[in-house]
Amino acid sequence: QSYWIATIITTCGKLLLLRYDGCGEDRSADFWCDIVTSDLHSIGWAEQNKMILKPPDLVRDKLQNWEEFLVQTLNGACSAPAHLLDGPHRGKDPLDLFEPSSLLELQHSQGSLGAWPVRVLDNIGGRLQLQYEGAPDWPSLQYYYLHPSLHQMGWAAQNGYEIKPPQEILHLKTEEEWREILTKCNEETGDFVLADFFQEQPQIKNHSFTSGMKLEAINPKDPSCIVPATVTKVFNEQYFLVELDDLRSQDSTSHQSMICHKSCSGIIPARWSQKMALSVRSPLGYSEQAFDWDEYLTHCNAHAAPDSCFPEPQSDHVFQERMKLEAVNPFNPQDVCVATITK
């Protein structure tokens, strides 16, 4: 009844190819385990259950001080989550755990920093079809299960955010009816997706944007169009509000905004398009047809967000023109279409 640390080399369904830590690059020491039947646990389980943690003989012979090695190898180690090794979800792929009828909270994409419950209608390879609770006739939404806007039930309350319907469905019911729907959702604890299921979700990093900064943004209603935009509100260290620039009077239009975090793919530094030989579309109400950032910033008496506010550029991709792939239709998200890289 002793245990030792092992690293997952590869996976094949419910089978894991493991190697005890301390074996180095010795592939002859690899062995297969069935997640369902093997005695496997997440890091820390042995200590919590007062079990002995010591290396097997084949490892002990290679280590001069295995206690010191253990401390070093566990420093910053990424443990397999407990819910994949124990309990009813043992051996299941994480993306399969988001089952139909499960409840999640979805962050608002516009307006205020809040969230509202959504129910999983379908899960196709981790791509979730979601329905706002209390709005069964409203068009369903499509999100990948690791999207940073999806959270476990209770996330908004735990982080001090509003829990209310998004603006687009708020008019469908009275405030009292929405409260009743939320109460019923909170009673359905059996349908909650556990917080552990979100361990693979990318962490939202702190940003350094301030109100008034200018940047470039991809127009959500026209993804082929890049436009100048402004940070109009900073909610906290993680989230801020970006509004697409519109220089017409406030009374003449409803301004388009989106809640963003540092790594949002829809925002990019000013002058990025120029470097990529792309054009920026002038905002409505701006007299100059050919857009120039220097002239625009002077006209608005504003400054551009420095490049340091954005994530470090990733390494070059391997995509090439004329490659084929499947793409979600941005105007009809339930459709996955054959597409071609054109530029």
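Residues numbered from 1 in each chain as written. Predicted model: local features only at pLDDT ≥ 70, side-chain atom pairs only at ≥ 80, totals over all residues. Heavy atoms only, no water.

Another aspect to go through is the state of the cysteines. Here the structure, examined in full by the defined rule, presents zero disulfides. A disulfide-free cysteine, Cys33 has its sulfur positioned 13 Å from the sulfur of Cys23, the nearest such atom. You can call Cys33 buried: its relative accessible area is 12%. Looking at the unpaired Cys260, the closest cysteine sulfur is the one in Cys264, lying at 4.3 Å. Taking the relative accessible area as the measure of exposure, Cys260 reaches 2% and is therefore buried. (Disulfide = S-S within 2.5 Å. Buried < 20%, exposed > 50% of the residue type's maximum accessible area, 1.4 Å probe, protein only.)

Next up on the list: the sheet that holds strand β4 (residues 31-34). Strand order in the open sheet formed by three strands is β2-β3-β4, with antiparallel pairing between adjacent strands. Strand pairing shows two members of the sheet lacking a second neighbour, β2 (6-12) and β4, which therefore form its edges. Each strand axis lies, on average, 35° off the axis of its neighbour in the sheet, ignoring direction. Of the strand pairs in this sheet, β2 and strand β3 (residues 15-20) are connected by six bridges, and their pairing is antiparallel. The partner of Ile8 across the bridge, within β3, is Leu18. (Pairing = 2+ DSSP bridges. Helix = DSSP H or I, 4+ residues; strand = E, 2+ residues; numbered from the N terminus. Axes fitted to C-alpha atoms, helices over the stretch in contact; angles between N-to-C directions.)

The next point concerns the nonpolar core. Counting 28 residues, the largest nonpolar core has Phe98, Leu104, Leu128, Leu130, Tyr132 and Leu150 as the members making the most contacts within it. Broken down by secondary-structure element, the contributors of at least two residues to this core are β6 (103-107), β7 (114-124), β8 (127-132), β9 (141-144) and α6 (175-187). Contacts of Tyr132, omitting those with residues within four sequence positions, involve Leu106, Trp116, Pro117, Val118, Trp138, Leu141, Pro166, Glu168 and Ile169. Val231, Phe240, Leu244 and Cys260 belong to the second-largest nonpolar core, a separate cluster that totals 18 residues. (Core = buried A, V, L, I, M, F, W, Y, C linked by side-chain atoms within 4.5 Å. Contact = heavy atoms within 4.5 Å.)

Turning our eyes to something else, we now look at the environment of Gly134. Residue placement: Gly134 occurs in the loop between β8 and β9. According to the relative accessible area criterion, Gly134 is buried, its value standing at 18%. Sequence-wise, Gly134 and Trp178 are 44 residues apart; in three dimensions their C-alpha atoms are separated by 7.3 Å.

Let's shift gears to the side chain of Glu105. Inspection of the secondary structure puts Glu105 in strand β6. Of the side chains bearing the opposite charge, Arg119 lies closest to the buried Glu105, which forms no salt bridge; the N-O distance is 12 Å. At 3.3 Å, the side chain of Glu105 forms a polar contact with the backbone nitrogen of Trp155. Within the structure, the side chain of Glu105 is placed 2.9 Å from the backbone nitrogen of Ala156, a separation counted as a polar contact. When residues no more than four places from it in sequence are discounted, the contact partners of Glu105 are Ala115, Trp116, Pro117, Ser149, Leu150, His151, Gln152, Met153, Gly154, Trp155, Ala156 and Ile163. (Lys, Arg positive; Asp, Glu negative; His and termini not counted. Salt bridge = Lys/Arg side-chain N within 4 Å of Asp/Glu carboxyl O. Polar contact = N/O pair within 3.5 Å; in protein donor to acceptor, adjacent residues only side chain to side chain.)

Next up on the list: the environment of Glu295. Assignment of secondary structure puts Glu295 in helix α8 (residues 293-300). Spatially, the C-alpha atom of Glu295 lies 16 Å from that of Leu284, the residues being 11 residues apart in sequence.

Applying the stated criterion to the full structure yields 11 salt bridges. When the shortest N-O distance is used, the salt bridge between Lys214 and Asp245 registers 2.9 Å. Linking Lys214 in strand β12 (residues 214-218) with Asp245 in the loop between β14 (240-244) and β15 (257-260), this pair joins segments that are 31 residues apart in sequence. Between Asp294 and Arg271 there is a salt bridge, with its nearest N and O atoms 2.6 Å apart. Pair noted here: Asp294 is in helix α8 and Arg271 is in the loop between β16 (267-268) and α7 (272-275), with a separation of 23 residues, a long-range link. When its relative accessible area of 27% is taken as the criterion, Arg271 is described as partly exposed.

On the basis of which strands lie adjacent, the open sheet formed by five strands has the order β15-β14-β13-β12-β16 and antiparallel pairing. In this open sheet, the two edge strands, each paired with only one partner strand, are β15 and β16. Bridge analysis of β12 against β16 gives two bridges, and the strand direction is antiparallel. Opposite Glu216, over in β16, you have Ile268 as the bridge partner. Sheet contacts for α8: β12 and β13 (226-234); angle to β12, the most-contacted strand, approximately 120°.

Okay, the UniProt feature "repeat: MBT" (unreviewed entry) in the chain next. Sequence positions flagged by UniProt for "repeat: MBT" (unreviewed entry) are, in local numbering, residues 1-56, 64-166, 176-283 and 291-343. Within residues 1-56, the helical portion is 7% and the strand portion 38%, while the C-alpha atoms at the span's ends are 11 Å from each other. Taken end to end, residues 291-343 is 15% helix and 19% strand, and its two terminal C-alpha atoms sit 22 Å from one another. (UniProt positions renumbered as here; feature names shortened; annotations may be inferred.)

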